[in-house]
Amino acid sequence: MSVSVRIPTILRTYTGGNAEVSGEGATLRDVLAKLDSDYPGIGPRILDESGKIRRFVNVYVGEEDVRFAEGLDTPAPEGTQISIIPAVAGG
């Protein structure tokens, strides 16, 4: 299934500067695996050593924050937009 993945500025060096790329997979886990296959090195910037989404990275499937859905097992229906957003801290 084809989805679009929005890439934050800090990770665009992996995608040749593209702000949005297409991805494939039935779940977010599948999409991220394919993304790392197509753009080597981007996966470890999103997932930690244990395979979980990094603490300071937010991922949305459509409008839903996957931390409050099914995490990496969140379905990624065809045509859905996935957004990878680094958390911003400051005060």
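Shown above is the structure to which this text applies.
These lines cover the structure that appears in this document, whether it is placed above or below.

About the thresholds
Residues numbered from 1 in each chain as written. Predicted model: local features only at pLDDT ≥ 70, side-chain atom pairs only at ≥ 80, totals over all residues. Heavy atoms only, no water. Helix = DSSP H or I, 4+ residues; strand = E, 2+ residues; numbered from the N terminus. Rg over C-alpha atoms; globule rule 2.2 N^0.38 Å. Buried < 20%, exposed > 50% of the residue type's maximum accessible area, 1.4 Å probe, protein only. Contact = heavy atoms within 4.5 Å. Salt bridge = Lys/Arg side-chain N within 4 Å of Asp/Glu carboxyl O.

**Re the overall build of the protein**
On a plain count of helices and strands, the protein comes out with two helices and five strands. Listed N to C, the secondary structure of the protein is β-β-α-α-β-β-β in terms of helices and strands. On C-alpha atoms alone, the protein measures out to a radius of gyration of 12 Å, which is about the 12 Å that the 2.2 N^0.38 rule sets for 91 residues. A principal-axis box enclosing the C-alpha atoms of the protein has dimensions of 40 × 30 × 25 Å. Burial analysis of the protein (91 residues in total) assigns 35% to the buried set. Nonlocal contacts in the protein, meaning residues at least 24 apart in sequence, comprise 52% of its contacts between residues at least 6 apart.

**Quick look at the pattern of salt bridges**
Applying the stated criterion across every chain, the model contains three salt bridges. As a salt-bridge pair, Arg54 and Glu49 come within 3.5 Å of each other at their nearest N and O atoms. Residue classification places Glu49 among the exposed positions, given a relative accessible area of 74%.

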